[in-house]
Amino acid sequence: MTAAVPVRRAVLRSRASWLLFPAAAVLLVFFCYPLAVILLRSFSEPAFGLSNYVSVLGDEVQIRVVLRTLRTALIITVATLVVAYPYAYAMSRVGRRARGLLTLLVLMPFWTSVMARNFAWYVLEQRGGVLEKLFDAIGIHGVSLLGSVTGVTVAMVQVMLPFMVLPLQNTMRGIDRSLLHAAGSLGARGPVAFVRVYLPLSMPGVLAGVSVVFIMSLGFYITPALLGTPQQALAAQVIGTRVNDLLDFAGAGALGAVLLVLTLIVLAVLSRLAAPLGTSTAGGADRG
Amino acid sequence: MADSVTRVARKERTLGPVLRIWVVLVGFVLVAPTLVVIPMSFGAGSTFQFPPGGWSLRWYGEFFGSKQWLASLANSVQVGLLAAALATVLGVAAAFGLDRARFRGRGAVRQLLMAPMILPGIVVAVAVYGVFLRWQLNGTMLGFVLAHTVLGVPFVITSVQTSLAGYDPAMERAAASLGASRLTTLRKVVLPLIAPGVTSGFVFAFATSFDEVVIALFLQTPDLKTLPVKMYESIVLEIDPTIAAASSLIVVCTTILLLVPQILRRRSDHDR
C-alpha cells in the first residue's frame, strides 16, 4: 500500500505529459514549421547560400533600415521610461483606491483595439490636425507628425506605457522606504538619496520594462505602416512590403532573421545586466 | 513625538505638486487620444477632419447598412470564438501537463508554447502566410482560426496556470477516497476550481483574435476579411469615416466588458 501510492503518482506524472501533446503539435505545425520554412528559404532562394544576408547587411539602404529601426526602438524605450518612471513612482506611493484608478488608466492603451487606437493617432497627427494646431498655438509651426518616424514614436510611446509602468511599480512597491529615511538621517537628502539609494533599488523594474518595450518596438508593424512612411521605413515595414509587393519570402526571411538575432542579443545583454541585481532585490521584484 | 510621526506619515502619502501634474498629464495622454474616435463617429463630413464640422449618425448608418462591414464583423466574431475555443482546449490540457508532468525538456516545451507571445508579429505573419499559400489555407476560415489559435494558447496557459498555482492536488485524492470516479472528480472538483482561469483565458484568446490585424492582413482575400483588416483598409485605401463608428463601437463594448465583471464582483462582495 505504501509503495503503491508513489507508483501510481509516477504513472499519473508520465501520463500527464501527454496532455502537452495536442498544443505542442499544433504549435509545431502552424508556428514552428512556417518559421523554419521561411528561415530555410532565406538561405536557399534564389540559390543556396548567403546571398539574401549579403543583400541585407551589404546594402546601404537595408543597413540604414536596420539602424533606423534600432534607433527608433531606443528612442521609444527611453521616452517611455522617462514618462513612466514618475507615474509608476506615484502609483507606488498613493493609497489603494488611487492606485486602482491609475492602474485602470495605464491599461487603457493595452485594452483598446489596435486599429481604433492607430486610427485615433492618425486623426490627431494628420496635416491640419489637432497636434499641428497645438504646436501652432505655442509658436512652433509646420509640425506634421503623420508620415514621419517622430509620429510613429509618439504613438508607440503611448502604447508601450503599460509595459513599462507595471514592472516599474512592481519593483517600487517592494522598495523599503525606511532605507530612504536611513539615507536622510545619514545626510543624503532629496536628489542625492534618490540617485544613490532609490534609483539603484528600482533598477530591476527598469531593466524588465526596458527589455519588454525595446523588443516589442523592434517588431511593431501596424503603427509604422499607418503613421510612418516608406521613405523612412522600419524593418517590419520592409518585411511586409517585400512579401506583399514582391512575394520575396527569402529576402523577408533574411531581414526577419536579422531582427530576431538583434532581439536575442538585446535580451542576452539585458539579462546579463539584470543578473547581479536579481539576488539583492528578488524579494521585492515579484511583490504585488 | 507621536504628532511628528503622523506628520511624517502624512508627508509620505502625499505627492509633490510637480509629480501630481505629471501624473495628470500622463493619465490624459493614456486615455484622451483613443476617445477622439467617439466624436469622430458622430461627424457629418466625409473626411477624417477633427473636430468634425457637423454632426450626424451617418457613419453608424453606413456601418450597419453595409454588407462588407457587417460581414467583416461576423467573420471576426466567428474566427474569434472558434480560435478561442480551440486555444482553450489545447491550453487547458497543456497547463495541466506543465503542472503535473516531470520530464526532461519540460522547460523547452513551455518556452515553445509561450513563443508566439514574444516573436515579432510581422515575422510570424510572413512565415505563416508563406506556408498557408502552399496549403491553400490563406483566405479560408480554417486558416484564420488556426493562426489565431496559436496566438491564443499562451494566454490560456498563463491564466490557467495562475489558478492551478493555488490548487491542491490532494483534493483529487480526497474526492477519490470518498468514492468519486475520475470523471466525477474532474467535473465536480477540478473544473470548478480552475473555471475562473479557463474563462479569463478564453476571453483573452478571443480578444487577441478579435483585435489581431498583422497576420489577418496577409491571410485576407477580397472574399474573407476580418473587422481589423476592413478598418485598416478604410484608412489606407478608402479614407472612409465608417471606421470611426466601428472604432467607437469596439471601444464602448470593450469598456463595458471590462467594467461589468468589476461591478458584479463588487456587488457580490456586498451581498456576502
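Residues numbered from 1 in each chain as written. Chains lettered and ligands numbered in written order. Predicted model: local features only at pLDDT ≥ 70, side-chain atom pairs only at ≥ 80, totals over all residues.

Asker: So what's going on with the overall build of chain A? Which residues, and what values?
Answerer: The helix and strand inventory of chain A stands at 14 helices and 0 strands. Each helix and strand of chain A, ordered N terminal to C terminal, gives the series α-α-α-α-α-α-α-α-α-α-α-α-α-α. Compactness check: chain A gives a C-alpha radius of gyration of 24 Å against a globular reference of 19 Å for 288 residues, more than 25% above the reference. The dimensions of chain A, computed from C-alpha atoms along their principal axes, are 85 × 70 × 35 Å. The contacts of chain A with a sequence gap of at least 6 include a subset with a gap of at least 24, amounting to 76%. (Helix = DSSP H or I, 4+ residues; strand = E, 2+ residues; numbered from the N terminus. Rg over C-alpha atoms; globule rule 2.2 N^0.38 Å. Contact = placed C-beta atoms within 7 Å.)

Asker: Describe the interface of chain A and chain B, and please don't skip the residues or the numbers.
Answerer: At the interface, 60 residues of chain A touch 60 residues of chain B. With 12 residues, helix α2 (residues 21–44) of chain A is the single largest residue contributor to the side of chain A that touches chain B. Of the residues belonging to the side of chain A that touches chain B, the class tally is 47 nonpolar, 10 polar and 3 charged. (Nonpolar A, V, L, I, M, F, W, Y, C, P; charged D, E, K, R; others polar.)

Asker: Run through the domain arrangement of chain A, naming residues and quoting values.
Answerer: Residue and element names in this part refer to chain A. Under the domain assignment used here, chain A contains domain 1 (1–44) and domain 2 (51–287). The C-alpha-based centres of domain 1 and domain 2 are spaced at 34 Å. Opposite the 4 residues of domain 1 that make contact, domain 2 presents 7 residues. Residue composition of the side of domain 1 that touches domain 2, by class: 2 nonpolar, 1 polar and 1 charged. (Domains from an automatic or database assignment.)

Asker: Please give an account of the confidence of the model for chain A that cites residues and values.
Answerer: Considering every residue of chain A, the mean pLDDT works out to 86; 91% of them sit at 70 or more. Here residues 279–288 of chain A is modelled with pLDDT under 50, and outside its nearest four sequence neighbours on either side it reaches 15 contacts, counting other chains as well. (pLDDT = per-residue confidence, 0-100.)

Asker: Describe the environment of Y85 of chain A, with residues and values.
Answerer: Residue and element names in this part refer to chain A. In this fold, Y85 is placed in helix α4 (residues 60–93). What makes Y85 buried here is the crowd of 21 C-beta atoms within 10 Å. Residues Y85 and M203, 118 residues apart in the sequence, show an inter-C-alpha distance of 11 Å. (Buried ≥ 20, exposed ≤ 12 C-beta atoms within 10 Å, placed from the backbone.)

Asker: Kindly report on the UniProt feature "domain: ABC transmembrane type-1" (unreviewed entry) in chain A, identifying the contributing residues and their values.
Answerer: Residues annotated by UniProt as "domain: ABC transmembrane type-1" (unreviewed entry) correspond here to residues 66–271 of chain A. Here residues 66–271 of chain A runs as 81% helix and 0% strand, with 23 Å between its end C-alpha atoms. (UniProt positions renumbered as here; feature names shortened; annotations may be inferred.)

Asker: Break down the packing of helix α9 (residues 149–173) of chain A against helix α11 (residues 190–219) of chain A for me, with residues and values.
Answerer: All names here are of chain A. As a packed pair, α9 and α11 sit with axes 8 Å apart at the nearest point and diverge in direction by 155 degrees. Considered as vectors, α9 and α11 are oriented roughly antiparallel to each other. The hand of the α9/α11 crossing is right-handed. Seen from α9, the contacting residues are M156, M160, F163, M164, P167, L168, N170, T171 and M172; seen from α11, they are S202, P204, G205, V206, A208, G209, V212, V213, M216 and S217. Of the residues belonging to the contact of α9 with α11, the class tally is 13 nonpolar, 6 polar and no charged. (Axes fitted to C-alpha atoms, helices over the stretch in contact; angles between N-to-C directions. Parallel < 35°, antiparallel > 145°, perpendicular 65-115°, else oblique. Left-handed = near helix turned anticlockwise from the far one by under 90°.)

Asker: How would you sum up the UniProt feature "transmembrane region" (unreviewed entry) in chain A? Please name residues and give values.
Answerer: Residues and elements named next belong to chain A. The positions UniProt marks with the feature "transmembrane region" (unreviewed entry) are residues 18–40, 70–89, 101–124, 144–166, 178–199, 205–228 and 249–270. As annotated, residues 101–124 has a helix share of 88% and a strand share of 0%, and its two end C-alpha atoms lie 26 Å apart. Taken as a whole, residues 205–228 contains 88% helix and 0% strand, while its terminal C-alpha atoms sit 30 Å from one another.

Asker: Got a sec to walk through the environment of S159 of chain B? Specific residues and values, please.
Answerer: Residues and elements named next belong to chain B. Position of S159 relative to the elements: it lies in helix α8 (residues 141–165). S159 gets classed as buried once you count the C-beta atoms within 10 Å, which come to 25. Considering only alpha carbons, one finds S159 and G65, 94 residues apart in sequence, at a separation of 39 Å. Those residues in contact with S159 that lie beyond four places of it in its chain are G197, S200, G201 and F204.

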